[in-house]
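Geometric and topological summary
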Amino acid sequence: MCPQSTDNPTGNDNAPCILIPIEAEGVHVYADADALDGQWVIFLSIAGHKDAVKAVSATLLTNHWINVGSHEICLLPRTKYSTSVKALPSGIVHTAIFIKNDLGQSQTYYALTARPEPTVSDLYFTALIKHSAVPVHSGWKAWLYKRAVQRKEVEALTAHGIHGIKISLDDISLAEDISTALKKGRLKRAFNNSLLPFSKTFGISKLSVDRAWSK
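This text gives an overview of the structure that appears in the document. Here the structure is a predicted model, which is why all the values come from computation and not from measurement.

Right, let's get into the packing of helix H3 (residues 141-150) against helix H4 (residues 171-183). The N-to-C vectors of H3 and H4 enclose an angle of 125°; their axes lie 12 Å apart at closest approach. Classed by the angle they form, the pair H3 and H4 counts as oblique. Between H3 and H4 lies a crossing whose hand is right-handed. From H3, Trp-143, Leu-144 and Arg-147 reach across to H4, where they touch Ser-173, Leu-174, Asp-177, Ile-178 and Ala-181. Residues that form the contact of H3 with H4 fall into these classes: five nonpolar, one polar and two charged.

Core analysis: the biggest nonpolar cluster contains 31 residues, and Ile-22, Val-41, Leu-44, Ile-46, Ile-66 and Val-68 have the highest contact counts within it. At the level of secondary structure, the elements contributing two or more residues to this core comprise strand S1 (20-24), strand S2 (27-37), strand S3 (40-48), helix H1 (50-61), strand S4 (66-68), strand S5 (71-75) and strand S7 (93-99). Ala-111, Ala-127, Val-136 and Trp-140 belong to the second-largest nonpolar core, a separate cluster that totals 22 residues.

Further remarks concern the pairing of S2. Relative to S2, S1 runs antiparallel, the two sharing five bridges. Bridge pairing links Ile-20 to Ala-31 in S2. Hairpin connection from S1 to S2: two residues lie between these consecutive antiparallel strands, with Glu-25 at a positive phi of about 55°. As paired strands, S2 and S3 are joined by seven bridges and run antiparallel to one another. Following the sheet pairing, Ala-31 is matched in S3 by Ile-46. One ladder, built from three bridges, connects S2 with strand S10 (residues 158-160); its direction is antiparallel. Paired with Asp-34 across the strands is His-160, a residue of S10.

Rules used throughout
Residues numbered from 1 in each chain as written. Predicted model: local features only at pLDDT ≥ 70, side-chain atom pairs only at ≥ 80, totals over all residues. Heavy atoms only, no water. Axes fitted to C-alpha atoms, helices over the stretch in contact; angles between N-to-C directions. Helix = DSSP H or I, 4+ residues; strand = E, 2+ residues; numbered from the N terminus. Parallel < 35°, antiparallel > 145°, perpendicular 65-115°, else oblique. Left-handed = near helix turned anticlockwise from the far one by under 90°. Contact = heavy atoms within 4.5 Å. Nonpolar A, V, L, I, M, F, W, Y, C, P; charged D, E, K, R; others polar. Core = buried A, V, L, I, M, F, W, Y, C linked by side-chain atoms within 4.5 Å. Buried < 20%, exposed > 50% of the residue type's maximum accessible area, 1.4 Å probe, protein only. Pairing = 2+ DSSP bridges.

What follows is the structure, encoded as structure tokens:
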């Protein structure tokens, strides 16, 4: 069992996990991991007595506010969430509540990982591969992340026990920036034209990136 605390003064992700108290309408449980976008829940892992966990989960999932440590939080309005429930041999119930990235309906995505020491650029690149229609190469990882930071298209979530980022994607501007970088020699050519069938979902057909790669 993780030690109880309301704070992690070390900031060391390799330290034992720390339980954050949760309170909802007089019911108390604990969180061993959470990721927040301001006051909005992106991921919340709850542990405690079965009935208490069920009550707190129901409060949150019916769009009521709950207290997690020093934060008052709620679900993002008009957003889909999923849950995962597991009963432990000790009798403790563990419930995870997490946002569902609505593919094709939004240009904003969330990426999470529980791996101990990921870099933000790694997490961003993985999300880019998953959600963007623009082909990218692992050798461009540092450049892609730097571009996202400069454009304010990536930001860290307030998180405990997990790593998370919020990503804003614009495939047209991304393709145009890659094209420019290729022309100026800032990126190395990594694909043949035959491997660049841009998705028609964002309305560009091979765009100028193909032209840059063909040179």
